[in-house]
Amino acid sequence: MTVSKNQVEAVGEARIPEEDKALHGAVVVGAIPDQNPRVLKEAARYAKLLGAPLVVVHVDVTRFVTYEDPDGYVHSAPIDINVDAGAEEFEAVKQAAAEVLDGRIAWESRQLVGDPALALKHFTTKIDAKLIVIGTRKRGFGESLREFFTGSVAARLSHRQSIPLLVIPQGELLADDEDYPPSDLT
């Protein structure tokens, strides 16, 4: 069976939900609550430079994808049935984005579910994004432990997709001779 280029394009377009079609070629910024506003500001700056839409994306790690409809709608389920932290975090992300971005640039928000690196990769591929912008993780034992088990989102993204990735430093910068995470050997 042969498939024409037009049929392949039509199939690809059918998988993009209608509300995401306007986001083609967007700059996508991964956002978390209490993130340094610099991440959103840099994403807005690059969206303006590239003449691209800006999408603020939060990934709810308390939910996982159960299946995806042929039309692109993603069904998910909570890891813990009594937890709805993702909805609260998404509202916090949208509020922070409104404070930083409103009046600077038009933007949209989306919430994804599951593993942050894989969810961002899938979404940015689906909308043919021009750039992904994320912040470095915060310093602290809890963040170090989380990264130990899940890995760096930036590192995992850089090895799994071809879209340019811009990583914005946030928080306190380390001295050149300082280990991260802090070493117990000193």
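Scoring rules and cut-offs
Residues numbered from 1 in each chain as written. Predicted model: local features only at pLDDT ≥ 70, side-chain atom pairs only at ≥ 80, totals over all residues. Heavy atoms only, no water. Helix = DSSP H or I, 4+ residues; strand = E, 2+ residues; numbered from the N terminus. Buried < 20%, exposed > 50% of the residue type's maximum accessible area, 1.4 Å probe, protein only. Contact = heavy atoms within 4.5 Å. Areas by Shrake-Rupley, 256 points an atom, 1.4 Å probe, with all protein chains shown as cover. Polar contact = N/O pair within 3.5 Å; in protein donor to acceptor, adjacent residues only side chain to side chain. Expected span 1.5 Å × (residues − 1). Core = buried A, V, L, I, M, F, W, Y, C linked by side-chain atoms within 4.5 Å. pLDDT = per-residue confidence, 0-100. Pairing = 2+ DSSP bridges. Axes fitted to C-alpha atoms, helices over the stretch in contact; angles between N-to-C directions.

### Topic: the overall build of the protein chain
- Counting its regular elements, the protein chain contains six helices and seven strands.
- Along the protein chain, helices and strands appear, N-terminal first, in the series α-β-α-β-β-β-α-β-α-β-α-α-β.
- Counting every position in the protein chain, which comprises 186 residues, the buried fraction comes to 34%.
- The long-range fraction of contacts in the protein chain, counting pairs at least 24 apart against all pairs at least 6 apart in sequence, stands at 75%.
- When the accessible surface of the protein chain is split by element, carbon and sulfur atoms take 55% of a total near 11400 Å².

### Quick word on helix H4 (residues 116-126)
- Here H4 has its buried residues at Ala117, Ala119, Leu120, Phe123, Thr124 and Lys126.
- If you follow the buried residues of H4, they end up packed against strand E1 (27-30), strand E2 (54-60), strand E5 (107-113), strand E6 (131-135) and helix H6 (153-158).
- You can read the cap of H4 off the contacts: a side-chain oxygen lies 3.2 Å from the backbone nitrogen of Ala117, and it is on Asp115.

### Considering helix H2 (residues 37-50)
- Under the 1.5 Å per step criterion, the end-to-end length of H2 is 20 Å for 14 residues, consistent within 8% with the ideal 20 Å.
- If you check which residues of H2 are buried, you get Val39, Leu40, Glu42, Ala43, Ala44 and Ala47.
- With a side-chain oxygen lying 2.9 Å from the backbone nitrogen of Arg38, the N-terminal cap of H2 falls on Asn36.

### Considering the nonpolar core
- By size, the foremost hydrophobic cluster in this structure holds 21 residues, and its most contacted members are Val27, Val29, Leu40, Leu54, Val56, Leu101 and Val133.
- Within the residue set of this core, elements represented by two or more residues are E1, H2, E2, helix H3 (85-101), E6 and strand E7 (165-168).
- Of the residues forming this core, the biggest block, five residues, is contributed by H2.
- Not counting residues up to four positions away in its chain, the partners in contact with Leu54 are Val27, Val29, Ala43, Ala44, Ala47, Leu101, Ile105, Ala106, Trp107 and Glu108.
- Listed in part, the 18 residues of the second largest apolar core include Val28, Ala117, Ile127 and Ile163.

### Some remarks on the confidence of the model for the protein chain
- On average, residues of the protein chain score 76 in pLDDT, and 64% of them are at 70 or above.
- Of all the helices and strands in the protein chain, helix H1 (residues 5-14) carries the lowest mean pLDDT, 39, while E1 carries the highest, 97.
- Throughout residues 144-150 the model reports pLDDT below 50, and contacts reaching past four residues in sequence, or to other chains, amount to eight contacts.

### Structural notes on the sheet that holds E6
- Read from one edge of the open sheet, five strands run E5-E2-E1-E6-E7, paired in parallel fashion. Where the open sheet ends on each side, the last strands, each with one partner, are E5 and E7. The mean inter-strand angle of the sheet, taken between neighbouring strand axes irrespective of direction, is 25°.
- Examined bridge by bridge, E1 and E2 share four bridges and lie parallel to one another. Of the residues in E2, the one forming a bridge with Val28 is Val55.
- Contacts between H2 and the sheet are confined to E1, E2, E6 and E7, with E1 contributing the most and set at about 175° to the helix.
- Across the sheet, H4 is in contact with E1, E2, E5 and E6; its angle to E2 comes to roughly 145°.

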